[in-house]
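Structural overview for review
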Amino acid sequence: MQFPAIYFDGRSARRHDVLVDITDRIVRIFELSGARLDTWPLKKIERTHPIIRSGPLRLRNRRNQTARLVIVDGAAIERFFELLPHLREVFYTTRRLTHTALTLAIITSLVVSTFYIAIPRLAKPIAEAIPYELEERLGRATMRSLSANWPVCEGEGILAIEQLVRRLQSTRMSEVEISIFVVDSAVSNAFALPGGIVIVTDSLIKFMKDGDELAGVLGHEIGHVNLRHPLEAMLSQLGVKLFLNMVSGGGSGDLMEIGGMVAATSYSRDYERKADEEGFAILIDAQIDVKAYGRLLSRFGEVEAKLAEQDILGIAELLRTHPYSMERAEIAMALDTLDRTPAMSEADWTLVSALCVKQKDQSGDSSEGVNGRIDRERQSGGNDSQF
Amino acid sequence: MRESDFAQRGSSATGGGLQTFDLRFVTRSKMRDILFITLRNALLNIITLTFYRFWGRTRVRRYLWSRTYLLEEPLEYTGRSMELVLGFLLTVLLLGVPLVGASIAVQFLAAESNALIALYGIGFYVGIFLLYGIAKYRAQRYRLSRTIWRGIRFGLKGSWITYGLRTLVLYYLTGATLFWTYPILRLRLTKQMFENTTFGDRQFRFEGHASALYPAFFFAWFFSVFGLVAVFGGLVMMISDLAATGNLPFAFGGDNGEESPSPLSTWLFLLVTSIAVYALVGLILSLTTAWYRAAEYRYFARCTTLDGMRFHFKASGLAVFWLTAVNIIIVLFTFGFGIPFAQLRRFRFLFRRVGAEGSIDLDSIGQGDAPYPMFGEGLAEFFEIGAV
């Protein structure tokens, strides 16, 4: 049986009024005069447009990119639906829906595995492949830009800290030379940069009670340096950032920022744990009280908890950091150092505590206590590497 | 007009030879459908870290094209999501990775050489406009190559490099002349885009001169400057007033030992203020430039011909203002998720108001030879050019 239809041959914009003959394998297209224009295999026929109620059925042939067939006759449309039931589907065809779902599933799993497996695993070998000279250069460049905001403090106390660093580092075979800086900053923190640069802020030193606590922090940072964490961390943060930008097409991004932060945090926990382990070993080998570090951490945890209670926005941070500092403190407290000797003399500790004070007096800065400092740190969205 | 009265409209659609038309696009897209698609895409974008956008975009286009009719035949979008994905990945690989590598290298070496940073900066600001132009042209080429009407493809010929260079030069010129060459920029870029557009083997023509746009531009420029001065003047006055009475939720120049404001209120104040300023500036500019843009739409359409058909565009300043103002409000109140919806409104606006009159021999139009790119839009992705 033949039905009237409209045909565009894909070679010209001319509209042909045609008759179509539908069998269960092919569709033949004839001009009104009877001349055959085209033959379409039924299997290759697809719908080009969604179905609109009482509208025509618009078809194409997968073998021909541009030819189109428009079926207006109701009986013909029914015949097509009978032979090719998927043409009837209103919204998405099942085939396409399955296809999309599958592709999305593959992409999502690729995204997730890149994020949690590939990037952190790749950071280590890449860091190892980077020559140490380049790492030093990167560290120096970073230090230079940091010192613009955080003036480096000078004084006799530095010599005492350097002596302590040598004592700690002498327990290890490492060839990395540690450069230590005390900087004037309201942020209570300590961290390691690539190239063996260790930075402690004066605010953190003020928070400490003695040289043993300082030794704990230094042991942890030296642990980071010896394990080459700073470069690795920089690389994996860069990787995450690049990857998220790539996925989102550099798209705008609070969502992306959050993703990056989550990843950075989950990586950094692992780093902190390893640096702690290395730090404990260094302290014990250098015969310095390992529990002092635990005491410092638990005081830090208390301050954090107090701050978190006051701040609605701190809830997420409380969940993340508070039990964490305490947990780390507990591990340190469970350890013990035999035959321990103080990390430095009382006199040296006084010199260390006096670092940056002179500079502050000159700038007329008033003392505001640890709480105020940590508060300011939070407001400025400060580094939360937690020594 | 319903799809059912599809059969014929006059004798215009059949038979051979030169025929006279009064062509109008008919858009039968429904806001309800569009809203549904937008919401669905937003949801899937969140789940997939926005990677679904390639599928979402294809879906939106397929819908819009299929509901836009000319002579009772709908347009058809034949692009595939995977083409967009591949285009994007290729761009990342060929352009993104080397660029990121270069910027990292510069950061490594930055401390040692100021000249290097300067060079990088210059390269960046030249490159960004060049790439923007290229991205726009190539995206348009892809979209047109995937648009079919009556079995005939649209296309975009011409050189994307020329378009990129032209964009670069004209943008800098416009900045340097305090926007006084803006009509020239618009005309030259539109001309290259329209003149190279093809429908099958026929090429569009564009004849026009920027001087026709200057009367409208003159008013737009002065009103805009006046509006911006008023907004920023008012803002400065408001802040200094608040600071004088001590009502600012955060203090400039450090706290003086008083109880310090919580980070939450500071953050909220900054957020609300910046959104309000953004909205205000957007609304004022959409008002002050609306009549100019309406004039642009009308003039560019009038300059465009295809064989014997001359285009026209029906738009008043008020209509353009309404379109933009409502779009700004939609985007603001949906925190950006309404962007596709706003773009759909614009799409409908354009197609409902454009038309062409004159004569053309449709039957003689054959398939053309405009470039048919294998992948789509990679670069445009980075400039967020048209989600539609």
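Preceding this paragraph is the structure being described.
As a convention, each chain's residues are numbered from 1 in the sequence order in which they are written. Here the convention is simple: chains get letters from A, ligands get numbers from 1, in the order in which they are written. Totals for whole chains, interfaces and linings use every residue, but because this is a predicted model, local features are given only for residues with pLDDT of at least 70 and side-chain atom pairs only at 80 or more, for both listing and counting. For side-chain calculations, the full set of non-hydrogen atoms in the structure is used, while hydrogens and water are omitted.

**Structural notes on the overall build of chain A**
Each helix is a run of H or I in the DSSP string that is no shorter than four residues. Each strand is a run of E no shorter than two, and both are numbered from the N terminus. The secondary structure content of chain A amounts to 13 helices and ten strands. Across the 387 residues of chain A, 48% fall into the buried class. Across chain A, contacts joining residues at least 24 apart in sequence account for 65% of those joining residues at least 6 apart. For every accessible area listed, the method is Shrake-Rupley and the probe measures 1.4 Å; residues are considered covered only by the protein chains on display. Split by element, the accessible area of chain A, about 19000 Å² in all, is 56% carbon and sulfur. Under the scheme applied here, a residue whose accessible area is under 20% of the maximum for its type counts as buried, over 50% as exposed, and between as partly exposed, the area being computed with a 1.4 Å probe on protein chains only. The contact criterion used is simple: two residues touch if any of their non-hydrogen atoms lie within 4.5 Å.

**Considering the sheet that holds strand β7 (residues 197-199) of chain B**
Residue and element names in this part refer to chain B. Reading across the sheet, the five strands line up as β4-β5-β6-β7-β8 and stay open at both edges, with antiparallel pairing between neighbours. Sheet topology places β4 (76-77) and β8 (202-203) at the edges, where each strand pairs with a single neighbour. Note on method: axes are straight lines fitted to C-alpha atoms, helices fitted across the in-contact stretch only, with angles between N-to-C directions ranging 0 to 180 degrees. Its contacts with the sheet place helix α4 (residues 114-145) against β4, β5 (147-149), β6 (152-156) and β7, and it is angled at close to 175° to β6. In this analysis, strands are considered paired if DSSP registers two or more bridges between them.

**Quick word on empty space enclosed by the protein**
Over the atoms a probe the size of a water molecule is rolled, and this reveals where empty space is left. Buriedness for pockets is judged along seven lines, at least five of which must meet protein on both sides within 12 Å for an open set on the 1 Å grid over protein atoms alone, while cavities are sets there where a 1.4 Å probe fits but cannot get out, and lining residues have an atom within 4 Å of a point. Grid points are joined across faces, edges and corners, and a volume is the space filled by probe spheres set on the points. Applying the stated rule across the entire model yields three cavities of 30 Å³ or more. Space inside the largest cavity adds up to approximately 90 Å³. Lining the largest cavity are 16 residues, and of these H49(A), R58(A), R68(A), E73(B) and E76(B) lie nearest its centre. For the lining of the largest cavity, the secondary structure elements donating two or more residues are β6 (57-61) and β7 (64-71) of chain A together with β3 (73-74) and β5 of chain B. Residues belonging to the lining of the largest cavity are distributed by class as follows: eight nonpolar, three polar and five charged. Three residue categories are used. Nonpolar comprises Ala, Val, Leu, Ile, Met, Phe, Trp, Tyr, Cys and Pro, charged comprises Asp, Glu, Lys and Arg, and polar comprises the others, including Gly.

**Digging into the pattern of salt bridges**
Pairs may arise between side chains of opposite charge once their charged atoms sit close together. The salt bridge definition used is simple: a Lys or Arg side-chain nitrogen within 4 Å of an Asp or Glu carboxyl oxygen. Counting across every chain of the model gives 29 salt bridges over all chains. When the shortest N-O distance is used, the salt bridge between R172(A) and D285(A) registers 3.0 Å. Placement of the pair is R172(A) in the loop between α4 (156-169) and β8 (179-183) and D285(A) in helix α8 (residues 254-285), with a sequence separation of 113 residues. Taking relative accessible area as the criterion, R172(A) reaches 21% and is therefore assigned partly exposed. Overall, the relative accessible area of 46% leaves D285(A) in the partly exposed class. Among the salt bridges present, the one from R67(B) reaches D33(B), with a minimum N-O distance of 3.9 Å. Of this pair, R67(B) sits in the loop between α2 (53-66) and β2 (68-70) while D33(B) is found in helix α1 (residues 31-47), placing the two residues 34 residues apart along the sequence. Neither R67(B) nor D33(B) differs from the other in exposure class; each is buried.

**Considerations on unusual backbone geometry**
A positive phi is found at R228(A), a non-glycine position, where the angle reads about 60°. With respect to the secondary-structure elements, R228(A) resides in the loop between α6 (211-226) and α7 (229-248). A positive phi angle, close to 65°, is found at E72(B), a residue other than glycine. When you line up the elements, E72(B) lands in the loop between β2 and β3. Residue classification places E72(B) among the buried residues on the basis of a relative accessible area of 6%.

Distances and angles like these do not, on their own, reveal function.
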